[in-house]
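Close look at the chain arrangement
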Amino acid sequence: MQNKSFLRLEDMGDVETLLSILSAIYEGIVVMARDSTIVYANPAYTRILGVPVSKVLGRKCSEIEPGVKCLEALKNQQPIHNHYEIVKSLGKHLLTDTTCIYSGGEFVGIANIFRDITEIVQLNNQIQKLQKYADNLEEQLCYYGRESLPEPFKEMVGKHPVFIQILKFAAQVAPTEATVLIEGESGVGKELLARAIHLSSPRKNKPFITINCAAIPETLFESELFGYEGGAFTGAKSGGKKGKFILAHEGTIFLDEVGELPFSTQAKLLRVLQNHEVDQIGSDRPFPVNARVIAATNRDLQKMVSEGKFRQDLYYRLNIFPIRIPPLREHPEDITLIANHFLGQFNNKYSKKLFFSNEVIQAFLSDSWPGNVRELENIVRHAVIIAKGPEIKLEDLPAYFTKRNNREKKNMINPLAQSPLRSYLNGAEKEALVEALRLSNNNRSKAMKMLGISRGTFYNKLRKYCLL
Ligand SMILES: Nc1ncnc2c1ncn2[C@@H]1O[C@H](COP(=O)(O)OP(=O)(O)OP(=O)(O)O)[C@@H](O)[C@H]1O
Ligand SMILES: [Mg+2]
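Residues numbered from 1 in each chain as written. Chains lettered and ligands numbered in written order. Predicted model: local features only at pLDDT ≥ 70, side-chain atom pairs only at ≥ 80, totals over all residues. Heavy atoms only, no water.

A few words now on unusual backbone geometry. Although it is not a glycine, Ser-36 adopts a positive phi angle of roughly 75°. Within the element layout of this structure, Ser-36 appears in the loop between strand S1 (28-33) and strand S2 (38-41). By relative accessible area, Ser-36 is classed as buried at 2%. Residue Glu-250 is not a glycine yet carries a positive backbone phi of 70°. (Helix = DSSP H or I, 4+ residues; strand = E, 2+ residues; numbered from the N terminus. Buried < 20%, exposed > 50% of the residue type's maximum accessible area, 1.4 Å probe, protein only.)

So, about the pattern of salt bridges. Scanning the model with the defined rule gives 21 salt bridges in all. Lys-303 is paired through a salt bridge with Glu-307; the nearest N and O atoms lie 3.7 Å apart. Exposure remark for Glu-307: the relative accessible area of 41% places this residue in the partly exposed category. Asp-367 is paired through a salt bridge with Arg-404; the nearest N and O atoms lie 2.5 Å apart. Of this pair, Asp-367 sits in the loop between helix H15 (358-366) and helix H16 (372-386) while Arg-404 is found in helix H17 (residues 399-413), placing the two residues 37 residues apart along the sequence. Judged by relative accessible area, Asp-367 falls into the buried class, the value being 6%. (Salt bridge = Lys/Arg side-chain N within 4 Å of Asp/Glu carboxyl O.)

Below, the discussion takes up the pairing of strand S13 (residues 292-297). Taking burial as the measure, the six residues of S13 include six buried ones, the bulk of the element. Covered by surrounding structure in S13 are Arg-292, Ile-294 and Ala-296 together with Val-293, Ala-295 and Thr-297, the residues of both alternating faces. With four bridges connecting them, strand S6 (residues 180-183) and S13 associate as parallel partners. When the bridges of S13 are listed, Leu-181 appears paired with Ala-295. One ladder, built from four bridges, connects strand S10 (residues 252-256) with S13; its direction is parallel. Bridge pairing in S13 places Ile-253 opposite Val-293. (Pairing = 2+ DSSP bridges.)

So, on to the domain arrangement of the protein. Domain assignment breaks the protein into domain 1 (9-116), domain 2 (177-325) and domain 3 (329-464). Here domain 2 and domain 3 have C-alpha centroids that lie 37 Å from each other. The partner domain 3 presents seven residues to the five residues of domain 2 that form the contact. Counting each side, the surface lost to burial between domain 2 and domain 3 is near 460 Å², with a carbon and sulfur contribution of 24%. (Domains from an automatic or database assignment. Contact = heavy atoms within 4.5 Å. Buried area = accessible area lost by both parts, 1.4 Å probe.)

Let us now look at the packing of helix H14 (residues 335-349) against H16. As a packed pair, H14 and H16 sit with axes 9 Å apart at the nearest point and diverge in direction by 45°. It follows that H14 is oblique to H16 by the angle criterion. Of the two possible hands of crossing, H14 and H16 adopt the one that is right-handed. Contacts between H14 and H16 involve Ile-335, Ile-338, Ala-339, Phe-342, Leu-343, Phe-346 and Asn-347 on the former and, on the latter, Val-373, Leu-376, Glu-377, Val-380, Arg-381 and Val-384. Residues of the contact of H14 with H16, tallied by class, amount to 10 nonpolar, one polar and two charged. (Axes fitted to C-alpha atoms, helices over the stretch in contact; angles between N-to-C directions. Parallel < 35°, antiparallel > 145°, perpendicular 65-115°, else oblique. Left-handed = near helix turned anticlockwise from the far one by under 90°. Nonpolar A, V, L, I, M, F, W, Y, C, P; charged D, E, K, R; others polar.)

Bringing the sheet that holds strand S5 (residues 106-116) into the picture now. Strand order in the open sheet made by the five strands is S2-S1-S5-S4-S3, with antiparallel pairing throughout. Either end of the sheet is taken by a strand with one partner, and the two such strands are S2 and strand S3 (80-87). Each strand of the sheet is rotated relative to its neighbour by a mean of 25°, with strand direction disregarded. Where strand S4 (residues 92-103) and S5 come together, 10 bridges link them in antiparallel fashion. Paired with Thr-99 across the bridge in S5 is Ala-111.

Next comes the structure, spelled out in structure tokens:
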């Protein structure tokens with residue numbers, strides 16, 4: 001021995017030392033000769049399998065456990081790695097590695113090394129059971145959330161918790177007289193919600209009158225909204241005209257796109273809202289109106305106020321119960337639900353029995369939906385009319401959509417051309433999330449399992465890519 005500070009295998013000398021090392025190993029080890037006679041088993045073997053070493057030494061494994069995988073390794077003289085095995089008689093789950101042993105170049109037997117993963121398997125089973133239970137509760141919660149809603153709100157498809165929360169809030173405000181301001185991008189369902197509020201109020205049997213504030217020329221604003229008496233001005237109808245506010249008397253008036261009102265007319269509208277009466281052109285006495293007001297906008301009114309484009313006093317009058325409907329990309333798990341809702345409707349209407357192909361669902365899920373639910377509705381209608389069936393394929397979708405969708409996908413997959421590595425990684429990460437959601441049919445628990453990430457990380461990433 002030249003250098004004492006290095007331990008060499010040959011210095012360890014005898015078999016006894018080697019055996020004491022094997023005895024200390026946590027994994028079970030069993031060594032078999034070519035005819036499967038067990039020539040060695042370490043104490044972990046007994047600990048894991050509960051069989052004393054003395055009971056197996058000298059006996060043939062082919063007789064004790066004829067079905068075990070390591071016998072194949074013995075027969076084929078080939079190692080087997082990472083094999084998952086269940087010892088049914090003992091209820092044990094094992095992960096085994098079988099290696100071949102050679103002496104002087106000749107195959108003399110095998111060493112089977114195994115780890116007890118019973119506890120891990122049991123815990124995993126328990127987690128899965130709990131997960132199923134949690135999924136079930138979550139679904140029930142959504143179900144009960146929707147179930148308790150008044151019928152008109154059930155027209156609005158969606159089960160995302162935020163969406164349900166919005167419907168519940170609107171349902172609470174509906175039976176009151178309160179003014180409601182519905183905010184949201186184009187096509188998110190502002191008008192549908194306004195109607196649902198009206199139909200769930202005591203005014204449901206009275207008129208629901210819509211004023212599209214973007215469509216009324218400034219000069220016609222007063223005659224359209226307040227009306228005029230017969231002969232009030234040249235060209236006026238002889239019997240006069242009832243303004244929209246008077247038509248909405250005892251019902252609801254829906255001020256759609258209220259952010260588009262010219263500044264000058266905003267004051268006139270405010271006056272009606274404050275005084276609850278309109279001055280008909282040509283009439284010398286004001287006409288009292290009792291109309292519940294619901295306004296909608298896809299503009300940021302608060303910003304418009306700070307920019308001096310929208311009157312602050314009118315804003316405060318309208319912004320009593322603001323309700324923001326989120327764009328579709330903020331609740332992508334509702335995309336397939338809503339798409340299938342429209343598919344059912346149009347299948348009925350056009351007497352077809354079509355269903356979506358996987359590629360179409362994938363395209364739907366990976367899109368940003370700038371036109372929201374209305375756009376989805378239009379695309380499904382287009383597809384149902386065009387498709388020969390039974391599957392709706394990508395080519396049945398409008399060309400503009402597939403073009404946009406391809407561009408968006410390309411930007412997701414190959415943004416290297418214009419941006420650094422980080423954005424490429426982000427694109428890939430977002431794609432993986434979308435794909436997992438698609439494969440799991442929008443089941444988030446399954447998707448996060450598929451991706452092998454924790455619940456917290458999963459939700460952070462959904463939020464990051466606006467997939468929540
Ligand atoms: N959650 C939903 N479930 C089912 N259908 C919906 C839903 N949201 C919207 N729709 C349908 O989508 C279409 C657009 O809705 P709506 O006209 O209410 O949107 P909007 O926000 O008023 O749009 P815009 O800002 O363009 O006026 C309608 O046909 C409506 O019935
Ligand atoms: Mg609208």
